[in-house]
Structures are given as C-alpha cells and as structure tokens.
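If you want the building blocks of each chain, they are given just below.
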Amino acid sequence: MNDFSFVKYFSHTSNPQEYFQHADLHLFLTHRDGFGNVAIEAACCGTPTFCYDISGLKDSVEQHVSGLRFDFRNFDQVAAAIDQAMIDKREFIKRFNQAPTWAKSNFNSYEVWDRYLEFYLKDSKK
C-alpha cells in the first residue's frame, strides 16, 4: 500500500482539520464530485487543493487562490506542479496564503444559504 516513505495513508478520521493543518497539499484527483466540500475544508485550514477541472470542484477550488485545477487525467501537469511545489516550498506556501480568507468569505453558512435561496426563488418565478 505504501511504496513511498513520505506518503501517509489514513483510512478514516472524524477530524479532517487536524490532518489538513499539517498537510502541505490536498491532492483530490476524483473523476466526479457533486460539490467539493473537502476542498473548502482544506482551504479553510490553509492547505491548497490540486484537482481536476471538473464539475463541483470548479466552484470549490479557486484557480491560483485555493489551489490549482488541471485538465482531466493530465498526470504530467499534476506531477510537474507537485515537483515545483517541492522545489520551492516557501514560495508554494505563500502562493496560496489567501485560501482561508477566500473560503471563509465565499462559503460561510449565511452566504451559501443565501445563494440557495436566490437560486430557488429565481426558478420559482419562471
């Protein structure tokens, strides 16, 4: 399961924030996601997400703010970005330092519920 000493695998946790607070990167290469709550949780903890540019994650990962979105299955792009992050870790951390602010201002519960209300009221007037 673990071919690399620097990779840690955890099957489940009830406190993901503890892991995000210690992580340098959240790698989220899913094929589909309804809405990327976990990417927002990572951003709130200051951990950028690298993911595919797919539905759900287009909304929950702000390009160059809370992470990077890559063309679907473009492993070379993802690998190159990870390599670059490892080469200059300080610059990598500074590059995404606005992630918590962005996530908290765009996804606080009041903002999210207001957006839902706007969406449903708009559709009910048709």
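As shown above, the structure is provided for reference.
Here the structure is a predicted model, which means the values were calculated and not measured. (Residues numbered from 1 in each chain as written. Predicted model: local features only at pLDDT ≥ 70, side-chain atom pairs only at ≥ 80, totals over all residues. Heavy atoms only, no water.)

## Some details on a nonpolar patch on the surface
A contiguous nonpolar patch, built from W113, Y116, F119 and Y120 and spanning about 510 Å² of accessible area, is present on the exposed surface. Mapping W113 onto the fold places it in helix 7 (residues 109-124). (Patch = residues over 30% accessible without salt bridge, like charges linked within 9 Å, V, L, I, M, F, W, Y side chains within 5 Å. Areas by Shrake-Rupley, 256 points an atom, 1.4 Å probe, with all protein chains shown as cover. Salt bridge = Lys/Arg side-chain N within 4 Å of Asp/Glu carboxyl O. Helix = DSSP H or I, 4+ residues; strand = E, 2+ residues; numbered from the N terminus.)

## So, the side chain of H26
Inspection of the secondary structure puts H26 in strand 1 (residues 26-28). The buried category is assigned to H26, whose relative accessible area is 11%. Not counting chain neighbours up to four residues away, the residues in contact with H26 comprise F20, V38, A39, A42, T47, P48, T49 and F50. (Buried < 20%, exposed > 50% of the residue type's maximum accessible area, 1.4 Å probe, protein only. Contact = heavy atoms within 4.5 Å.)

## Let's talk about helix 2 (residues 37-44)
For helix 2, every residue scored as buried is listed here: A39, I40, A42 and A43. Buried residues along helix 2 cover an arc of 160° about the axis, so they all sit on one side. The inward-facing, buried residues of helix 2 contact helix 1 (16-20), strand 1, strand 2 (49-52), helix 3 (57-60) and helix 6 (99-106). Phi for G46, located one or two positions after helix 2, is positive at around 85°. (Arc of directions from axis to C-beta.)

## Quick notes on the nonpolar core
Formed by F50, L68, F70, V78, A81, A85, F92 and F96, the largest nonpolar core amounts to eight residues. Put simply, the parts of the chain that give this core at least two residues each are strand 3 (67-70) and helix 4 (75-87). The element that contributes the greatest number of residues to this core is helix 4, accounting for three residues. If near-sequence neighbours (up to four positions away) are discounted, A81 is found in contact with F50, L68 and F70. F28, C51, Y52 and L57 belong to the second largest nonpolar core, which has seven residues in total. (Core = buried A, V, L, I, M, F, W, Y, C linked by side-chain atoms within 4.5 Å.)

## Some details on the side chain of S60
Residue position: S60 is located in helix 3. Polar side-chain contacts of S60 include one of 3.2 Å to the backbone oxygen of G56. The contacts of S60, once residues within four sequence positions are left out, are F35, G36, A39, I40, S66, W102 and F107. (Polar contact = N/O pair within 3.5 Å; in protein donor to acceptor, adjacent residues only side chain to side chain.)

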